[in-house]
Every structure is written in C-alpha cells, then in structure tokens.
Amino acid sequence: DLTAGTASLGGEEEHGPVPGDGAGPPAPERVLFPPTFSVSEIKNKQRRHFMFLRWKQQQRKEKLALKKKRRKEREALGDKAPPKAVPKTIENQRVYDETTVDPNDEEVAFDEATDEFAPYFNRQTVPKILITTSDRPRGRTVRFCEQLATVIPNSHVYYRRGLALKRIIPQCIARDFTDLIVINEDRKIPNGLVLSHLPDGPTAHFRMSSVRLRKEIKRKGKEPTEHVPEVILNNFTTRLGHSIGRMFAALFPHNPQFIGRQVATFHNQRDYIFFRFHRYIFKSEKKVGIQELGPRFTLKLRSLQKGTFDSKFGEYEWIHKRREMDRSRRKFHL
C-alpha cells in the first residue's frame, strides 16, 4: 500500500524499549529511507517536497560521517596511511592533445623568438591599443569599454560612427596603434570581442559572456591606479592556446610596476577564458589579501584568422565547429 508506506516514512517513528530500563536489548537503529525508496512515488506534492529535503539531509549526514571516519582512520595509521585518492574531474581526464606545448622545446622557443609578438616581449615595442565598439553602442557597452581602458595601459577609446573595420584598420596603422579591440553587443549587452594585432595580424574572434561592471561586483576595491599591472596567463597549454595567450600578453607593457600591486589574470578552464583584475597586499609571509577591481568577463574562442580582419576573403587558422568539436566533453583545444 503506497499510502501506508509513505505515512511510515514521514510520520512519527515507533520507539522500542528505552535502553537501560530492563525491558530488553536496545532496538536497532531504524533506517529512515530504505534502498528501494523513491521520492517520485509520493503523489502529494508537499509531502514529496518535504521527504526530498529529509532525504537530502540524510545524504549529507552520511557523507559527513564517512568523511570523519576516514579522517580518524588516517590519523590512527599516521605515516602508514595510504595516499589520498585523487578525485576524477573533466580536467584530469582530458584527452591528450598532440599539439601540447613543451616549455623546453627548442622549436617552440625559436617560434617565440621570431613571431610577430617577439618585439613586445623583448621590450622593443610599446603596445598602443585602440578600443572601439559596434555601431551605435548602448550605455552598458560604453561603460565596459571605459573600464577596460583603465585596465590596459596606453589604451584609447573611440566610438565608431558607421565606419567599417576595413577602413578603421588602415587609420590605426597610420597612427601607430599596435592592437585593435572591438566590443560587439546584442540587445544592449556586450556579447563579442574581436582582437586584431596590427599591422599583420593575427585576428581572434571571441564570444563574450558573464560581463560584470565594477558597480556590480560585491566587495570591490577602489578604482585602479595608472600603474602597469602584472599579467598571469594560466593553463594555455596547446599551440593554439599558446598563440592566444601571447596575444593577450602583448596588450600589456612588459615592465610591470610592482608598487601598484595590480594583476590581470587570464585563466583558461575547459576552453573558457576567465578574466579577473585584482589588487593584492601581503599581510604576512604566508598570507595575502586580494580585492577584485573589475571589470570581469568570460571569453570563448570562435576563430583565429591570419592577417587583419577580413570576413570574406580572410584565411582562418582555426574555427570552432560545434557539431564536430563538442562531441567529447574531455577534448579541449586551448
């Protein structure tokens, strides 16, 4: 009888004799949820929701008890305790990519010394960035560009007035700009970023999401200073990821002013690039405090094109093809 079964699960439990009163041995602890219990079998919606919460609570208690038991066993064994099991994640189960870069590879070192970004890493060229938008940008996109300009040193914000990118790029080259950043929007929300390295490329197109301006970040720090920040590139391991990481690094001068205690981080995880901008302070030799300054956003690479922006006749080095490349969750490209 389903009604009787659910009533016994959620109702008052029957209590056996109280231990120690001479009425016999203590009754075994009753299992509240048997292995065959299914919440979906309960017809009443409120009852079903109540039993689901109780079931989740029991699961948490059992998990915590098992964790305490294992910790006590490890403390009892001391040095003889077996090593902790490494949990399986999508990252450590990643499919091997043959283009993974070895830091000690001589071929990679030669490519870095001769590519289009080498003068920036050798401090022979100072980056000069132009930040622009799509046509008729709205207030949120405008504010995002202005805040992005405070993060990237020597960057200038100009608003497009119906000019095509093919006409903007020659003007940028004539004015000694080294990079062009275009922020696209859809329904008043920034949703795309085009990064073109001048004068000869390459050009990367990203999908942008999770944009948060400074006023939308909780416990944010004060406005960033004009000091040149440090740059952290995390987890760009393949040849494609290496190229994207160098494009981001070439936006910043390679003489960080450590007195400013500001750091810009590009963290790649599962081919999503998370950008954060922080200020840090050393509280002691082992502790450090950080404050997020903003803005923050997330990028997803859609294409990498040789040369400057050319949507019709451009030659693409890499294009993200969803139906072909997203079949395996453990296959990453950056």
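Residues numbered from 1 in each chain as written. Predicted model: local features only at pLDDT ≥ 70, side-chain atom pairs only at ≥ 80, totals over all residues. Heavy atoms only, no water.

### Quick look at the packing of aromatic side chains
Link 1 in the chain: Applying the stated criterion to the full structure yields eight aromatic pairs.
Link 2 in the chain: Between Phe248 and Phe266 the ring centres are 4.5 Å apart and the planes differ by 10°, which places this aromatic pair in the stacked class. On the criterion of sequence distance, the pair formed by Phe248 in helix H7 (residues 239-249) and Phe266 in strand S7 (residues 262-269) is long-range, its members being 18 residues apart. Summarising the burial analysis for this pair, Phe248 and Phe266 share the class buried.
Link 3 in the chain: Between the aromatic rings of Tyr280 and Phe282, the centroid separation amounts to 5.6 Å while the plane-to-plane angle is 75°, which identifies the pairing as edge-to-face.
Link 4 in the chain: A relative accessible area of 13% places Tyr280 in the buried class.
Link 5 in the chain: We classify Phe282 as exposed; its relative accessible area is 62%.
Link 6 in the chain: Each residue in the set Phe144, Phe206, Phe248, Phe252, Phe266, Phe275 and Phe297 is aromatic and connected to the rest through ring pairs, giving one cluster. (Phe/Tyr/Trp six-rings, centres within 6.5 Å; stacked < 30°, edge-to-face > 60°. Helix = DSSP H or I, 4+ residues; strand = E, 2+ residues; numbered from the N terminus. Buried < 20%, exposed > 50% of the residue type's maximum accessible area, 1.4 Å probe, protein only.)

### Regarding the pattern of salt bridges
Link 1 in the chain: All told, the structure shown has eight salt bridges when counted by the stated rule.
Link 2 in the chain: Asp115 serves as the salt-bridge partner of Arg246, at 2.9 Å between the closest nitrogen and oxygen. On the criterion of sequence distance, the pair formed by Arg246 in helix H7 and Asp115 in the loop between helix H3 (106-114) and helix H4 (118-121) is long-range, its members being 131 residues apart. Of the two residues, Arg246 and Asp115, both sit in the buried class.
Link 3 in the chain: Salt-bridge contacts for Arg160 lead to Asp135; the nearest nitrogen and oxygen are separated by 3.8 Å. Residue Arg160 is found in the loop between strand S2 (155-157) and helix H6 (165-174), and its partner Asp135 is found in the loop between strand S1 (129-133) and helix H5 (139-151); the two are separated by 25 residues along the sequence.
Link 4 in the chain: A relative accessible area of 15% means that Arg160 is categorised as buried.
Link 5 in the chain: Connected through shared salt-bridge partners, Glu112, Asp115 and Arg246 make up one network. (Salt bridge = Lys/Arg side-chain N within 4 Å of Asp/Glu carboxyl O.)

### Considering H6
Link 1 in the chain: Of all the positions in H6, only Leu165, Ile168, Ile169 and Cys172 are classed as buried. Buried positions in H6, seen along its axis, are confined to an arc of 105° and lie on one side of it. Opposite the buried face of H6, by more than 90 degrees, sit the exposed residues Arg167 and Ala174.
Link 2 in the chain: Along its buried surface, H6 packs onto S1 and strand S3 (179-186).
Link 3 in the chain: Just downstream of H6 lies Asp176, where phi reads positive at about 65°. (Arc of directions from axis to C-beta. Contact = heavy atoms within 4.5 Å.)

### Topic: the packing of H3 against H7
If you want to describe how two helices pack, look at the angle between their axes and the distance between the axes.
Link 1 in the chain: Remark: H3 packs on H7, axes separated minimally by 13 Å, with the N-to-C direction vectors making an angle of 30°. Looking at the two axes, H3 sits roughly parallel to H7. Helix-helix and strand crossings are classified by hand; for H3 and H7 the assignment is right-handed. Here Val108, Asp111 and Glu112 of H3 come into contact with H7, specifically with Arg239, His242 and Arg246.
Link 2 in the chain: Here the residues of the contact of H3 with H7 sort into one nonpolar, one polar and four charged. (Axes fitted to C-alpha atoms, helices over the stretch in contact; angles between N-to-C directions. Parallel < 35°, antiparallel > 145°, perpendicular 65-115°, else oblique. Left-handed = near helix turned anticlockwise from the far one by under 90°. Nonpolar A, V, L, I, M, F, W, Y, C, P; charged D, E, K, R; others polar.)

### Quick notes on the pairing of strand S10 (residues 296-305)
Link 1 in the chain: Among the ten residues that make up S10, eight are buried, leaving the element largely enclosed by the rest of the structure.
Link 2 in the chain: Bridge count between strand S5 (residues 203-212) and S10: eight bridges; the pairing is antiparallel. Following the sheet pairing, Met208 is matched in S10 by Leu299.
Link 3 in the chain: One ladder, built from four bridges, connects strand S8 (residues 272-282) with S10; its direction is antiparallel. Paired with Phe274 across the strands is Thr298, a residue of S10.
Link 4 in the chain: Inspection of the sheet shows S10 paired to strand S11 (residues 316-319) by three bridges, in the antiparallel sense. Note that in S11 the partner of Ser303 across the bridge is Ile319. (Pairing = 2+ DSSP bridges.)

### Here we look at a negative patch on the surface
Link 1 in the chain: Taken together, the side chains of Asp102, Asp105, Glu106 and Glu107 make up a negatively charged region of the molecular surface.
Link 2 in the chain: Judged by relative accessible area, which is 30%, Asp105 ranks as partly exposed. (Patch = residues over 30% accessible without salt bridge, like charges linked within 9 Å, V, L, I, M, F, W, Y side chains within 5 Å. Areas by Shrake-Rupley, 256 points an atom, 1.4 Å probe, with all protein chains shown as cover. Lys, Arg positive; Asp, Glu negative; His and termini not counted. Charge placed at Lys NZ, Arg CZ, Asp CG, Glu CD.)

### Side note on the nonpolar core
Link 1 in the chain: Membership of the largest hydrophobic core comes to 40 residues, with the highest contact counts inside it found for Ile181, Phe206, Ile244, Phe248 and Ile273.
Link 2 in the chain: Examining the composition of this core, we find that five residues originate from one element, H5, more than from any other.
Link 3 in the chain: With near-sequence residues (within four places) excluded, Phe248 lies in contact with Leu195, Phe206, Leu233, Phe266, Ile273 and Leu299.
Link 4 in the chain: Among the nonpolar cores identified, the runner-up in size contains ten residues, and Leu165, Ile168, Val194 and Leu198 belong to it. (Core = buried A, V, L, I, M, F, W, Y, C linked by side-chain atoms within 4.5 Å.)

### A word on the side chain of Arg279
Link 1 in the chain: By the secondary structure assignment, Arg279 is in strand S8.
Link 2 in the chain: If near-sequence neighbours (up to four positions away) are discounted, Arg279 is found in contact with Lys222, Glu223, Pro224, Thr225, Gly260, Arg261, Gln262, Gly289, Ile290, Gln291 and Leu293.

### Section: the side chain of Thr141
Link 1 in the chain: Along the chain, Thr141 falls in helix H5.
Link 2 in the chain: When its relative accessible area of 0% is taken as the criterion, Thr141 is described as buried.
Link 3 in the chain: When residues no more than four places from it in sequence are discounted, the contact partners of Thr141 are Thr133, Ile183, Glu185, Lys188 and Pro190.

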